[in-house]
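# Survey of secondary and tertiary structure
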Amino acid sequence: MKSKFEIEFPITASPQLLYQYIATPSGLTEWFADDVNSRGELFTFIWGDSEEKAKLVTKKTDEKVKFRWLDEDEADTEYFFELRIVLDELTKDVTLLVIDFADDNEIKDQTQLWNNQIADLKKVLGSA
């Protein structure tokens, strides 16, 4: 059984720019995976020799994307990851909220993995 966890990352970029990096195959390839391909709502994430498929289930321009992981038969699983852009109306600070799942004993490792991924995203955005 996996548990849901959330992590917030302050990002120095406009929601519009950030959205391009979280919602498009070319943007995701810049920081998230070695390669990302899409066929409609079906996304394939490639890391080295490993390949995972996910379906884009929610997409709201400049706000969020949510991908549901698929099993080997391309059937939906109960697990997803969501990238949500939060804009503070008062300060205009931008935060990227990551919602993901991991086994209880792997949450620390998954959190570190996201920290590394977001560090790469910040480099791409020029805000590292």
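This text follows the structure it describes.
Overview of the structure. (Residues numbered from 1 in each chain as written. Predicted model: local features only at pLDDT ≥ 70, side-chain atom pairs only at ≥ 80, totals over all residues. Heavy atoms only, no water.)

### A few points about the packing of aromatic side chains
All chains considered together, the criterion is met by 16 aromatic pairs. Taking the centre distance of 6.0 Å and the plane angle of 20° together, the rings of Phe45 and Trp47 count as stacked. A centroid spacing of 5.1 Å and a plane angle of 20° characterise the contact between Phe67 and Phe81, whose relative ring orientation is stacked. One end of the pair, Phe67, is in strand β5 (residues 64-70); the other, Phe81, is in strand β6 (residues 76-87), with 14 residues separating them in the sequence. Of the two residues, Phe67 and Phe81, both sit in the buried class. (Phe/Tyr/Trp six-rings, centres within 6.5 Å; stacked < 30°, edge-to-face > 60°. Helix = DSSP H or I, 4+ residues; strand = E, 2+ residues; numbered from the N terminus. Buried < 20%, exposed > 50% of the residue type's maximum accessible area, 1.4 Å probe, protein only.)

### Topic: the pattern of salt bridges
Under the defined criterion, the tally for this structure stands at 7 salt bridges. The residue Glu51 makes a salt bridge to Lys53 at a minimum N-O spacing of 3.9 Å. By relative accessible area, which is 49% here, Glu51 ends up partly exposed. One salt bridge connects Asp120 with Lys123, and the closest N-O pair in it is separated by 3.9 Å. (Salt bridge = Lys/Arg side-chain N within 4 Å of Asp/Glu carboxyl O.)

### A closer look at the sheet that holds strand β1 (residues 2-11)
Each strand in a sheet pairs with its neighbour through backbone hydrogen bonds, running either in the same direction (parallel) or in the opposite one (antiparallel). If you trace the 7 strands from one edge of the open sheet to the other, you get β1-β7-β6-β5-β4-β3-β2, paired in antiparallel fashion. With partners counted over all chains shown, the strands left at the sheet margins are β1 and β2 (35-39), one partner each. Within this sheet the neighbouring strands show an average axis-to-axis angle of 25°, counted without direction. For β6 and strand β7 (residues 94-103), the ladder comprises 6 bridges, and the chain directions are antiparallel. By the bridge assignment for β7, Glu82 is matched with Ile99. Sitting on the sheet, helix α1 (residues 15-23) touches β1, β3 (42-47), β4 (50-60), β5, β6 and β7, and the angle it makes with β6 is about 160°. Along the sheet, helix α3 (residues 107-125) contacts β1, β3, β6 and β7; its crossing angle with β1, the most-contacted strand, is approximately 30°. (Pairing = 2+ DSSP bridges. Axes fitted to C-alpha atoms, helices over the stretch in contact; angles between N-to-C directions. Contact = heavy atoms within 4.5 Å.)

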